[in-house]
Amino acid sequence: MEFLAKVLQPQRSLKEQIKAMDNITLFGAGGHCYAVLDLIKSLETYNPTVILDDHPKESAILGVPIKKNEGNVIQTEAVCITIGQNIIRKKISETNLALYPTFVHKSVVQYNAVIGKGSVVLPGVVLDSSVEIGDFCIINLNATLAHNVKVGNFCHVAINAAITGGVVINEGAFIAASAVILPNITIGKWATVGAGAVVTKDVPDYAVVYGSPAKIMKYNNHEQ
């Protein structure tokens, strides 16, 4: 009878479910915030309560209030940095000691991928066997990472990028939309691979490459 009583109990209301979730603060109210906020809501593991921004332009995003960040330290337990620029995510993560959950959309195809703290993996992504993703990375819509790809901390792999087997992407690198990186290539730290580029050889640290085949056009003069 005790089991039957439990079965017959009504399901918790949405309000009760939200109350049972851990609250989370988002940092950054730009365009990337919309995607990550929808991702977090879809997983129903954390309740986004506020979005902090240094220079807010709106009062809310998707029903979550935006407040001006009044200091350099976020006074909260769980945080998601919803900023697309790699270097800013790095600076915030190094300044604020908090719990940084990892968020992976339910549609993501993955096998035995290892994904670091504070990283977000958006809808339609494919993570093949033995993929490793570092901390505070963005793996954006419909990107494909083939077997044995390794992505360092603070990287962004953009929409529809195709990263083939054995590629190593070092810290802070940005792989733009629809770029293709051929097998076993190394992308240097804080390098930029332009949209639609086809990378056929290693890319040095800080280099900016684009075209097919991709060529070095300039160098970033600092982490960005």
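Above: the structure in question.
Quantities reported herein were computed from a predicted structural model and do not represent experimental measurements.

(A) How the structure looks around the environment of Pro183. Along the polypeptide, Pro183 turns up in the loop between β19 (180–181) and β20 (186–187). Counting along the chain gives 18 residues from Pro183 to Lys201, while the straight-line C-alpha distance between them is 9.2 Å. Contact partners of Pro183, with chain neighbours within four places excluded, come to Thr164, Gly165 and Val167.

(B) Molecular detail of the environment of Lys106. Tracing the chain through its elements places Lys106 in the loop between β6 (103–104) and β7 (109–110). By relative accessible area, Lys106 is classed as exposed at 62%. Taking the C-alpha atoms as reference points, Lys106 and Val121, 15 residues apart in sequence, are found 9.5 Å from one another. Those residues within four positions of Lys106 in sequence are excluded, and the remaining contacts are Ser42 and Leu43.

(C) Seen up close, unusual backbone geometry. At the junction of Ser212 and Pro213, the peptide bond is cis and its omega measures out at 0° in the coordinates. The topology assignment puts Pro213 in the loop between β23 (207–210) and β24 (215–219). Positioned with a positive phi, Leu62 is a non-glycine residue whose angle comes to about 50°. Relative to the helices and strands, Leu62 resides in the loop between β3 (60–61) and β4 (64–68).

(D) Fine view of the sheet that holds β23. Taken in spatial order, the 8 strands make up an open sheet running β6-β9-β12-β15-β18-β21-β23-β24, and their pairing is mixed. Edge positions in the open sheet fall to β6 and β24, since each of these has one partner strand only. Bridge count between strand β9 (residues 120–121) and strand β12 (residues 138–139): 2 bridges; the pairing is parallel. Across the sheet, the residue bridging to Val120 is Ile138, located in β12.

(E) A look at the pairing of β4. As defined by bridge partners, strand β2 (residues 46–53) adjoins β4 across 3 bridges and the pair is classed as parallel. Bridge assignment links Asp53 to a residue of β4, and that residue is Lys68. The pairing of β3 with β4 spans 2 bridges and is classified as antiparallel. What sits directly across from Ile61, in β4, is Val64. A loop of 2 residues connects β3 with β4, the two strands running antiparallel in sequence, and Leu62 in this loop sits at a positive phi of about 50°.

(F) Spotlight on the sheet that holds β4. Read across the open sheet, the 5 strands follow the order β3-β4-β2-β1-β5; overall the sheet is mixed. The sheet terminates laterally at β3 and β5 (79–81), the two strands that pair on one side only. Where helix α3 (residues 31–43) meets the sheet, its contacts fall on β1 (22–27), β2, β3, β4 and β5, and the angle it forms with β2 comes to roughly 165°.

(G) Spatial organisation of the pattern of salt bridges. As enumerated under the stated definition, the model contains 1 salt bridge in all. The partner of Glu171 in a salt bridge is Lys90, with the nearest N and O atoms 3.0 Å apart. Of this pair, Glu171 sits in the loop between β17 (168–169) and β18 (174–175) while Lys90 sits in helix α4 (residues 86–95), and the two are 81 residues apart along the sequence. Taking relative accessible area as the criterion, Glu171 reaches 25% and is therefore assigned partly exposed.

(H) Seen up close, the nonpolar core. Counting 34 residues, the largest nonpolar core has Leu127, Leu145, Val157, Ile163, Ile169, Ile175 and Ile187 as the members making the most contacts within it. Counting 20 residues, the second-largest nonpolar core is a separate cluster that includes Leu39, Ile40, Ile51 and Leu122.

(I) Summary view of α4. Buried within α4 are the following residues: Asn86, Ile87, Arg89, Lys90, Ile92 and Ser93. The secondary structure elements touched by the buried residues of α4 are β1, β5, β12, β15 (156–157) and β18.

Reading guide: rules and limits
- Residues numbered from 1 in each chain as written.
- Predicted model: local features only at pLDDT ≥ 70, side-chain atom pairs only at ≥ 80, totals over all residues.
- Heavy atoms only, no water.
- Helix = DSSP H or I, 4+ residues; strand = E, 2+ residues; numbered from the N terminus.
- Contact = heavy atoms within 4.5 Å.
- Buried < 20%, exposed > 50% of the residue type's maximum accessible area, 1.4 Å probe, protein only.
- Pairing = 2+ DSSP bridges.
- Axes fitted to C-alpha atoms, helices over the stretch in contact; angles between N-to-C directions.
- Salt bridge = Lys/Arg side-chain N within 4 Å of Asp/Glu carboxyl O.
- Core = buried A, V, L, I, M, F, W, Y, C linked by side-chain atoms within 4.5 Å.

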